[in-house]
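Chain by chain, the residues run as shown.
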2 protein chains.
Amino acid sequence: MATRTDAPTRREQILKEAARLFAERGFHGVGVDEIGAAVGISGPGLYRHFAGKDAMLAELLVGISGQLLTGGKRRVAESDGGDPEALLDSLIEGHIDFALDDRPLITLHDRELDRLRDSDRKLVRQLQRQYVELWVEVLREVYPGLLEPAARSAVHSVFGLLNSTPHLGRPGSLPGRAATAALLHRMARGAFAAAGA
Amino acid sequence: MATRTDAPTRREQILKEAARLFAERGFHGVGVDEIGAAVGISGPGLYRHFAGKDAMLAELLVGISGQLLTGGKRRVAESDGGDPEALLDSLIEGHIDFALDDRPLITLHDRELDRLRDSDRKLVRQLQRQYVELWVEVLREVYPGLLEPAARSAVHSVFGLLNSTPHLGRPGSLPGRAATAALLHRMARGAFAAAGA
DNA sequence: CCTTCAGGTTAACGACCGCTAACCTCCCTG
DNA sequence: CAGGGAGGTTAGCGGTCGTTAACCTGAAGG
């Protein structure tokens, strides 16, 4: 992972603020003027960077889904036939990092999907589906007795568990990031273990 | 539980359809004309039954939170000092019933809270908080080693797990309601057990 | 039979919102 | 030192939305 050191571009600033605002008040609840104000320019200036408000949401959601899937595939590749248990732990860890570091995106990800144009929505759904299937395959290697429909339900449910981070109160009321991550990780494994029994 | 046999009132019809539409497209994404059309009257006719669009959302969210809390309190009272394990199972079962039978309400419940007037939002949050604390107390009886902050995080996370039902595909792709409920129940217990270890 | 009222209707107003048009101003480059 | 494009600005248009106003109607009650 090459850590970025250069300053964020204006486009990236806009996307970040838009994500925060969309997560706080919903896509329809935020005006373009507010998004502009959040980055120090005003309203129509955004159209120098994006074709429209819809395009911002689309780029955010496609980006999230793609990032999750890419990270998941990378972890599978790095494991390469090794211990499935360790691979499952790796997937869980990656998802938790994302859920803790990009809370607004996690919120958007399963909340505003229906506001997308048909083609974008199909793309996002396809990426999400591939990500789920990747987890399902790994899960069924760890728990061979688990049938596919049950495995898929279990994966969706654990996503619900891991994505609950936005409800956990603002950073500070928590017992520290590492402890929270560890708790979530244990609970996810416990839930999977119970599903596989 | 006295099962209702009389026909639903117009108010109830409106609330039900509004809940469905809000869950599908978001509060700001639904117009009053659509809500009216869903119950066979048109737009402004709704104002004979509600003070405004906001009032519908408020009544829905207060109703949900109150219903969950009331049901939880009833189960605690029925247990009355008995087996904490059985009480925890009872709470989980009640929450699962709600999540499976009223999916649109579950969706709204943690998605549109910020669209409420300040007073209504405070009321809903207070009801939600009481419900969480009720779970936390029971959970700490079952797992005495669990500290309060961790227990609260665990409860929120299990709510995320149980409330994932809207993502589980429409009824029919599932292996039957009873099997789904049983799976969710096992996973919730597994997650709690892992948190308590 | 007349009144009343609950529960509708349509028309229209005012606010807001996404987006475009037209214009301005640096800064880079040949 | 021209000039041109990147990245802003404000004004304003067109459509939508929540809400109100004014009117209608059928059924119940004295």
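Predicted model only: the values in this text are computed from it and were never measured.

Caption draft 1: Fine view of the domain arrangement of chain A. Residue and element names in this part refer to chain A. Entries for chain A in the domain assignment read domain 1 (7-49) and domain 2 (51-194). Facing 16 residues of domain 1, the contacting portion of domain 2 comprises 15 residues. For the domain 1 and domain 2 pair, buried surface summed over both sides reaches about 1,300 Å², with 73% attributable to carbon and sulfur atoms. A per-residue breakdown of the area domain 1 buries against domain 2 is headed by Leu15, Phe22 and Phe27, which together make up 42% of the total. For the pair domain 1 and domain 2, the number of links is 1 salt bridge. Note that arginine 11 and glutamate 59 form a salt bridge whose closest N and O atoms lie 2.5 Å from each other. At the junction of domain 1 with domain 2, the criterion picks out 4 residue pairs in polar contact (both at pLDDT 80 or more). Of all elements in the fold, only α1 (10-25) and α2 (32-38) reach the threshold of two or more residues within the side of domain 1 that touches domain 2. It is α1 that contributes the most residues to the side of domain 1 that touches domain 2, 8 residues altogether.

Caption draft 2: Examining the interface of chain B and chain A more closely. Each partner contributes residues to the interface: chain B has 32 residues there, and chain A has 32 residues. Taken together, the two surfaces of chain B and chain A that pack against each other cover about 2,600 Å², and 61% of this comes from carbon and sulfur. Taken together, the connections running from chain B to chain A amount to 2 salt bridges. Its salt-bridge partner being arginine 111 of chain A, residue aspartate 110 of chain B comes within 3.9 Å of it at the nearest N-O pair. Where chain B packs against chain A, one counts 11 residue pairs in polar contact (both at pLDDT 80 or more). Taken together, the elements giving at least two residues each to the side of chain B that touches chain A come down to α1 (10-25), α7 (148-162) and α8 (177-196) of chain B. Of the residues in the side of chain B that touches chain A, the class split is 15 nonpolar, 10 polar and 7 charged.

Caption draft 3: Looking closely at the side chain of serine 153 of chain B. Along the chain, the position of serine 153 of chain B falls in helix α7. On the basis of relative accessible area, serine 153 of chain B is assigned to the buried category, the value being 8%. Beyond its immediate stretch of four places on either side in the chain, serine 153 of chain B contacts Leu168, Leu174 and Leu183 of chain A.

Caption draft 4: Geometry of the protein's contact with DNA strand C. Close to DNA strand C lie 15 residues, the nearest being Tyr47 and Lys53 of chain A together with Arg10, Arg48 and His49 of chain B. In DNA strand C, atoms within 4 Å of the protein come 52% from sugar and phosphate. One of the backbone nitrogen or oxygen atoms of serine 42 of chain B is found 3.0 Å away from a phosphate oxygen of DNA strand C. One nitrogen or oxygen atom from the side chain of histidine 49 of chain B is found 2.8 Å from a phosphate oxygen belonging to DNA strand C. Among the residues making up the surface near DNA strand C, the classes are represented as 6 nonpolar, 5 polar and 4 charged.

Caption draft 5: Up close: the packing of helix α7 (residues 148-162) of chain A against α7 of chain B. Where α7 of chain A meets α7 of chain B, the closest approach of the two axes is 7 Å, and the angle between their N-to-C directions is 145°. Crossing angle aside, the handedness with which α7 of chain A passes α7 of chain B is right-handed. Listed contacts from α7 of chain B to Ser157, Gly160 and Leu161 of chain A of α7 of chain A are Ser157, Gly160 and Leu161 of chain B. Split by residue class, the contact of α7 of chain A with α7 of chain B holds 2 nonpolar, 4 polar and no charged.

Caption draft 6: Focus on the protein's contact with DNA strand D. The environment of DNA strand D is formed by 15 residues, the closest being Arg10, Arg48 and His49 of chain A together with Tyr47 and Lys53 of chain B. A share of 53% is what sugar and phosphate atoms reach among the atoms of DNA strand D within 4 Å of the protein. Arginine 10 of chain A is positioned with one of its side-chain polar atoms (N or O) 2.7 Å from a phosphate oxygen of DNA strand D. Between DNA strand D and lysine 53 of chain B, the relevant distance is 2.5 Å, taken from a phosphate oxygen to a side-chain nitrogen or oxygen of the residue.

Caption draft 7: Seen up close, the nonpolar core. With 119 residues, the main nonpolar core has Trp135 and Phe192 of chain A together with Trp135 and Phe192 of chain B as its most contacted residues. Excluding anything up to four places from it in sequence, phenylalanine 192 of chain B contacts Leu88, Ile92, Trp135, Leu139, Tyr143, Ala154, Val155 and Val158 of chain B.

Caption draft 8: A look at unusual backbone geometry. Residue and element names in this part refer to chain A. One non-glycine residue, aspartate 80, lies in the positive phi region at around 50°. Among the secondary structure elements, aspartate 80 is positioned in the loop between α3 (53-79) and α4 (84-101). On the basis of relative accessibility, which here comes to 64%, the residue aspartate 80 falls in the exposed class.

Caption draft 9: Inspection of helix α6 (residues 118-142) of chain A at higher detail. With 25 residues, α6 of chain A extends 36 Å from end C-alpha to end C-alpha; this agrees with the ideal 36 Å at 1.5 Å per step. As for α6 of chain A, its buried residues are in contact with α3, α4, α7 and α8 (177-196) of chain A.

Caption draft 10: Representation of the relation of the copies chain B and chain A in the model. Of the transformation superimposing chain B on chain A, the axial component is 0.0 Å and the angular component is 180°, with the fit at an RMSD of 0.0 Å. Look at the turn and shift together and you get a two-fold axis relating the two. When the interface residues of chain B are mapped onto chain A, 100% of them again fall at the interface, so both copies present the same face.

Caption draft 11: Structural detail: the packing of α8 of chain A against α7 of chain B. It is the contact of α8 of chain A with α7 of chain B, at a shortest axis distance of 11 Å, that shows an interaxial angle of 45°. Looking at the two axes, α8 of chain A sits oblique to α7 of chain B. In the packing of α8 of chain A onto α7 of chain B, the handedness of the crossing is right-handed. Between α8 of chain A and α7 of chain B, the residues in contact are Leu183, Leu184, Met187 and Ala191 of chain A and Ala150, Ser153, Ala154, Ser157, Val158 and Leu161 of chain B, respectively.

Procedures and definitions
Here the residue index of a chain counts from 1 through its sequence in written order. Here chains are named by letter from A upward and ligands by number from 1 upward, in the order in which they appear as written. Predicted model: local features are reported for residues with pLDDT of at least 70 only, side-chain atom pairs are reported and counted for 80 or more only, and whole-chain, interface and lining totals are derived from all residues. Hydrogens and waters are ignored; side-chain quantities use all the structure's heavy atoms. Delimitation of the domains relies on an automatic or database domain assignment. Contacts are residue-level and defined by heavy atoms, with any inter-residue pair within 4.5 Å sufficient. Summed over both partners, the accessible surface that disappears when two parts come together, traced with a 1.4 Å probe, is what is meant by buried area. By convention in these notes, a salt bridge is any Lys or Arg side-chain nitrogen within 4 Å of a carboxyl oxygen on Asp or Glu. Counted as a polar contact is a pair of N or O atoms within 3.5 Å, where, for protein atoms, one must be capable of donating a hydrogen and the other of accepting one, and residues adjacent in sequence contribute only when both atoms are in side chains. Labels follow the DSSP assignment, with helices taken as runs of H or I lasting at least four residues and strands as runs of E lasting at least two, numbered in each case from the N terminus. Note on residue classes: Ala, Val, Leu, Ile, Met, Phe, Trp, Tyr, Cys and Pro are nonpolar, Asp, Glu, Lys and Arg are charged, and everything else, Gly too, is polar. Residue burial is assigned from relative accessible area. The probe radius is 1.4 Å, only protein chains are included, and a residue is buried under 20% of its type maximum, exposed over 50%, and partly exposed in between. When we say a residue is near a molecule or strand, we mean one of its heavy atoms is within 4 Å of it. Here an axis means a line fitted to C-alpha atoms, over the contact stretch when the element is a helix, while the angle between two N-to-C directions is reported on a 0 to 180 degree scale. Handedness of a crossing is defined here by the sense of rotation of the near helix relative to the far one, left-handed for an anticlockwise turn of less than a right angle and right-handed for a clockwise turn. Throughout this description, the term nonpolar core refers to a set of buried Ala, Val, Leu, Ile, Met, Phe, Trp, Tyr and Cys residues connected via side-chain atoms within 4.5 Å. An expected span of 1.5 Å times one less than the residue number is assigned to each helix. Copies overlap after least-squares fitting; the atoms used are the C-alpha atoms of residues with pLDDT of at least 70 in both. Should an angle lie under 35 degrees it is considered roughly parallel, over 145 roughly antiparallel, and from 65 to 115 roughly perpendicular; all remaining angles are considered oblique.

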